[in-house]
Every structure is written in structure tokens, then in C-alpha cells.
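# Close look at the chain arrangement
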Amino acid sequence: MELPPDTVFIFDRDEDLFVFASFVHATNGIEAIEIDEGEYTAAYSPDGGVLALTAPEGPEGSVILARTGSMDLGDLERRVARYWRRHQTGQPPRDPLHTARFLIERDNKPRRGWLSRVTALLRHATRQ
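Described below are features of the structure shown in this document. (Residues numbered from 1 in each chain as written. Predicted model: local features only at pLDDT ≥ 70, side-chain atom pairs only at ≥ 80, totals over all residues. Heavy atoms only, no water.)

### Considerations on the overall build of the chain
Each helix and strand in the chain was counted, giving 5 helices and 5 strands. Traced from its N-terminal end to its C-terminal end, the chain shows the element sequence β-β-α-α-β-β-β-α-α-α. Put simply, the chain has 128 residues, and 34% of those count as buried. Entry remark: accessible area of the chain is about 8100 Å², with carbon and sulfur atoms responsible for 52%. (Helix = DSSP H or I, 4+ residues; strand = E, 2+ residues; numbered from the N terminus. Buried < 20%, exposed > 50% of the residue type's maximum accessible area, 1.4 Å probe, protein only. Areas by Shrake-Rupley, 256 points an atom, 1.4 Å probe, with all protein chains shown as cover.)

### A closer look at the side chain of Gln88
If you trace the backbone, Gln88 turns up in the loop between helix H3 (73-87) and helix H4 (96-108). A residue is classified by how much of its surface remains accessible, and Gln88, at 15% relative accessible area, is buried. Separated by 3.0 Å, the side chains of Gln88 and Tyr83 make a polar contact. Beyond its immediate chain neighbours, meaning those up to four positions away, Gln88 contacts Tyr83, Phe102 and Arg106. (Polar contact = N/O pair within 3.5 Å; in protein donor to acceptor, adjacent residues only side chain to side chain. Contact = heavy atoms within 4.5 Å.)

### Some details on the nonpolar core
Counting 15 residues, the largest nonpolar core has Val8, Ile10, Ile30, Ile35, Leu53 and Leu65 as the members making the most contacts within it. Every element with two or more residues in this core is listed here: strand E1 (8-12), helix H1 (23-29), helix H2 (32-36), strand E3 (40-44) and strand E4 (49-54). Residue contacts for Ile35: discarding those within four places in its chain leaves Ile30, Tyr40, Leu53, Thr54, Ala55 and Val63. Counting residues in hydrophobic clusters, the runner-up holds 14 residues, among them Leu3, Val19, Ala100 and Ile104. (Core = buried A, V, L, I, M, F, W, Y, C linked by side-chain atoms within 4.5 Å.)

### Some thoughts on the pattern of salt bridges
Two side chains of opposite charge can pair, provided their charged atoms sit close to one another. Taken as a whole and assessed by the stated rule, the structure comprises 5 salt bridges. For Asp6, the salt bridge identified is with Arg67, shortest N-O distance 2.9 Å. Residue Asp6 is located in the segment before E1, and its partner Arg67 is located in strand E5 (residues 64-71); the two are separated by 61 residues in the primary sequence. On the basis of relative accessible area, Arg67 is assigned to the exposed category, the value being 52%. A salt bridge links Arg82 to Glu15; its shortest N-O distance comes to 3.2 Å. Of this pair, Arg82 sits in helix H3 while Glu15 sits in the loop between E1 and strand E2 (17-20), and the two are 67 residues apart along the sequence. (Salt bridge = Lys/Arg side-chain N within 4 Å of Asp/Glu carboxyl O.)

### Digging into H3
Every α-helical turn comprises 3.6 residues, leaving residues that sit three or four positions apart pointing alike. Helix length check: H3 (15 residues) gives 21 Å between terminal C-alpha atoms against 21 Å at 1.5 Å per residue, within 8%. Every buried residue of H3 is accounted for by Asp75, Leu76, Arg79, Val80, Tyr83 and Trp84. (Expected span 1.5 Å × (residues − 1).)

### With respect to the environment of Leu76
In this structure, Leu76 sits in helix H3. Distance in space between the C-alpha atoms of Leu76 and Pro46 is 8.3 Å, their sequence separation being 30 residues. Residue contacts for Leu76: discarding those within four places in its chain leaves Phe9, Phe11, Tyr44, Ser45, Pro46, Gly48 and Pro96.

### Digging into the environment of Ser70
Here Ser70 shows up in strand E5. According to the relative accessible area criterion, Ser70 is partly exposed, its value standing at 39%. Here the alpha-carbon distance between Ser70 and Gly49, two residues 21 residues apart in the chain, equals 5.9 Å. Here Ser70 is in contact with Gly48, Gly49 and Val50, once residues within four sequence places are set aside.

This is a description of form; function is not addressed.
Below you can see the structure in the form of C-alpha cells.
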């Protein structure tokens, strides 16, 4: 899978990692109140470009994500490695690009609920 050019890595204060396929997905996926409360500690592009998350209209307003012009690939790599140690126990750490692909693919997989599993079993049973 090729990463979209505007992929965004966002880290929260609990060191969870959220990867969004674009700036639009990121600004739609987080809330201004979370920014206002300091929930997010860092945001990056895949190449280590530092991104700024702001909520200029306050906790009820919109979210803005912008490039700062600064680079810090080392910090992005350290944060990604910490994410793997804390949240993907038993898995070998991956670099930021592999991590983004992994999380985007995981989050976009269709989920099979109990109803679809039962339907599949019934279809299988009627074929026999």
C-alpha cells in the first residue's frame, strides 16, 4: 500500500498513536475540545515534518492542522518505537512508514460482526 501524501501521525498524552490518511481526515477525526485540553502532544508528517494542531475558535470550533516548516524525524521515530513497545506487545517495532501502513490498513478493514458471521455459517450450511 502506498501512503497518501498527506498522511498524519498524531500522538496523545497517553502515547497512543493515531494515523490519518490526510489532513482532512485528521481534522475531522479529532475535536477542538481535545486540543484545548492538551490531549495531543505531537503531530508529524511521515518524513518527520512537525505539524501544528490548533483550535483557534476555542473548544467548540474547528480544528486546523498546518505544517510548521520544522523537521524532527528522530522524535517521530522514538515516539513510534515507544508506541510499539507499549501498544503492540510482542510485535517487533516498525519504522514510521510501516507503522502508518499497518494502522491505516487495520482501521480500514471491514469488521465482521456476529450477524455477518451467522449469515456466512448459514450460507455455508445450505451449500452442503
